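Spelled out from the first residue to the last, the chains are:
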Amino acid sequence: MINYLYQEQNWQSQLSNLITDPQELLNVLDLSQDQLLSGAILASEQFKLRVPRAFVNKMQSGNALDPLLLQVLPHHLELEEHTGFVTDPLGEEAANQLPGVLHKYKSRFLLTLTGACAIHCRYCFRRHFPYQENLPKNEDWLNIKQYLEHQPDVNEVILSGGDPLTLSNRKLALWIERLESLEQIKILRIHSRVPIVIPERLDEDLISLLKNSRLRIILVVHSNHAQELDAHTCSKLFRLVSENITVLNQAVLLKGVNDSAQALIDLSYRLFDARVMPYYLHVLDKVKGAHHFDLEADQIDKIYTEVLASLPGYLVPKLVREIAGEKNKTPLYGNPTL
Ligand code: SF4
């Protein structure tokens, strides 16, 4: 019944009615306020709680260890300092060429058009990123265009987080049109968690915009657990695939959330139900505030070895770490100490 209610609401009203108060979140889930140990409120002031009600509805009421809840509930451990856990773990400041532009890899170029996300994931490697100083304005397009024209190897633009699907279809259409005007750009990749947390975002206008572009569109969604992919979410994702839009998934391996081979196997099969192909399984980026999600290298190796032995190759995501300054993501299998 409650799910049905959210399906009746358009994505904009869902986005403007997020849960942002940790105490409200616990009330909705019938959990005691004792879950908020001292420090959690301060953690939530530093990186605000944001979670769509439709996503909360996928959580199990009364379960303080629910894998979806653990991804969003502020935790006092976020305040701890740990060696090697820093505010810019991927060295993105150095790759920030122009407002909104991150150029890390030879053929791909990343554009952040908004600092807003529908959900705040506590492990996010960009939780300290200074978006507000770094968003491209309309007049910055000419500089971006000139920059791209001097980078002939770039044939793919990636719209990334903040989450590009928090933008209106009108604004997305404007940027897609700009990118289409550059002959060198062949592929547009959109990285977004919104289709998982507010599936109504995949509305007919967006689908029409994507399927009618001259660019080859790839949507990379971000789901970490099979429980995030209920029948309604899967049907929305399948609708995109049936319009010949490539849909892939990236996940992050997180202690307490999906740190077992079975959780990852279930995730891959669930994605495949929606015809979404598993793409990357990232190990945690060492961002300040996320140490409590980290796993030891031998645990990661054990889990991934079991995943490899259990799934057909096409359902096994590539286990990778992003290392600042490297020319590509670093594959980890067989190299767990990296
Ligand atoms: S950028 Fe992605 S991972 Fe980070 S908070 Fe936003 S949705 Fe979550």
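Every value quoted in this text rests on a predicted model; they were computed, and no experiment measured them.

So, about the site of the ligand. What surrounds the ligand is the set Cys117, Ile119, Cys121, Cys124, Arg193 and His222. Looking at the shell around the ligand residue by residue, the classes come out as 4 nonpolar, 1 polar and 1 charged.

So, on to the sheet that holds strand β6 (residues 216-222). Neighbouring strands of a sheet are bound in pairs by backbone hydrogen bonds; such pairs are parallel or else antiparallel. The strand order across the open sheet formed by 10 strands is β1-β2-β3-β4-β5-β6-β7-β8-β9-β10, and the pairing between neighbours is mixed. Looking at the sheet topology across the chains shown, the edges are occupied by β1 (96-98) and β10 (330-331).

Attention now goes to the pairing of strand β4 (residues 156-159). Side chains of β4 alternate between two faces, with Glu156 and Ile158 and Val157 and Leu159 buried alike. As judged from the 4 bridges shared by strand β3 (residues 108-111) and β4, these two strands associate in the parallel manner. Its bridge partner being in β4, Phe109 is matched across the sheet by Val157. Handedness of the crossover joining β3 and β4 through helix α8 (residues 141-149): right-handed. Summarising the sheet, β4 and strand β5 (residues 187-192) pair through 4 bridges and their orientation is parallel. Following the sheet pairing, Val157 is matched in β5 by Leu188. In this view, the connection linking β4 to its parallel neighbour β5 by way of helix α9 (residues 169-180) has right-handed handedness.

Right, let's talk about the UniProt feature "domain: Radical SAM core" (unreviewed entry) in the protein chain for a bit. Per the UniProt entry, the sites bearing "domain: Radical SAM core" (unreviewed entry) are residues 103-326 in this numbering. Counting secondary structure, residues 103-326 comes out at 32% helix and 17% strand; the distance between its end C-alpha atoms is 12 Å.

Using the criterion set out here, one finds 5 aromatic pairs in the structure. On the numbers, 5.7 Å between centres and 55° between planes, the contact of Phe272 with Tyr314 is tilted. With Phe272 in helix α13 (residues 261-273) and Tyr314 in the loop between α14 (297-310) and β9 (318-321), this pair connects stretches of sequence that are 42 residues apart. A residue is classified by how much of its surface remains accessible, and Phe272, at 30% relative accessible area, is partly exposed. For Tyr314, a relative accessible area of 49% corresponds to the partly exposed category. Relative to Tyr280, the ring of Tyr279 has its centre 4.1 Å away and its plane inclined at 25°; by these criteria the two rings are stacked. When sorted by exposure, Tyr279 lands in the same class as Tyr280, which is buried. The side chain of Arg178 reaches across the aromatic face of Trp175, ending 4.7 Å from its centre. Lying over the aromatic face of Phe272, Arg275 brings its terminal NZ or CZ to 5.9 Å of the ring centre.

Here we come to the pairing of β9. Regular strands place their side chains on alternate faces of the sheet. Taken together, the 3 bridges between strand β8 (residues 277-282) and β9 define a ladder with parallel strand orientation. Bridging from a neighbouring strand, Leu281 pairs with Leu319 of β9. Sheet topology note: the β9/β10 ladder contains 2 bridges and is antiparallel. In the sheet register, Arg321 faces β10, and the bridge partner there is Thr330.

What follows is about the UniProt feature "modified residue: N6-(pyridoxal phosphate)lysine" (unreviewed entry) in the protein chain. Feature annotation in UniProt places "modified residue: N6-(pyridoxal phosphate)lysine" (unreviewed entry) on Lys329, given in this structure's numbering. Mapped onto the fold, Lys329 is located in the loop between β9 and β10. The exposure class of Lys329 is buried, given its relative accessible area of 18%. Here Lys329 is in contact with Tyr105, Tyr280, His282, Val320, Arg321 and Glu322, once residues within four sequence places are set aside. Within the structure, the side chain of Lys329 is placed 3.5 Å from the side chain of Glu322, a separation counted as a polar contact.

Time to look at the domain arrangement of the protein chain. Per the domain assignment, the segments making up the protein chain are domain 1 (2-79) and domain 2 (92-331). Here the C-alpha centroids of domain 1 and domain 2 sit 22 Å apart. Taken together, the contact between domain 1 and domain 2 spans 32 residues of the former and 32 residues of the latter. Buried area between domain 1 and domain 2, both sides added, is near 2700 Å², and the carbon and sulfur share of it is 59%. The largest per-residue losses of area from domain 1 upon contact with domain 2 belong to Trp11, Phe47 and Gln71, which jointly make up 31% of the total buried on that side.

Scoring rules and cut-offs
- Residues numbered from 1 in each chain as written.
- Predicted model: local features only at pLDDT ≥ 70, side-chain atom pairs only at ≥ 80, totals over all residues.
- Heavy atoms only, no water.
- Near = heavy atom within 4 Å.
- Nonpolar A, V, L, I, M, F, W, Y, C, P; charged D, E, K, R; others polar.
- Pairing = 2+ DSSP bridges.
- Helix = DSSP H or I, 4+ residues; strand = E, 2+ residues; numbered from the N terminus.
- Buried < 20%, exposed > 50% of the residue type's maximum accessible area, 1.4 Å probe, protein only.
- Right-handed = clockwise from strand over helix to strand, strands pointing away.
- UniProt positions renumbered as here; feature names shortened; annotations may be inferred.
- Phe/Tyr/Trp six-rings, centres within 6.5 Å; stacked < 30°, edge-to-face > 60°.
- Lys NZ or Arg CZ within 6 Å of the ring centre and 35° of its normal.
- Contact = heavy atoms within 4.5 Å.
- Polar contact = N/O pair within 3.5 Å; in protein donor to acceptor, adjacent residues only side chain to side chain.
- Domains from an automatic or database assignment.
- Buried area = accessible area lost by both parts, 1.4 Å probe.

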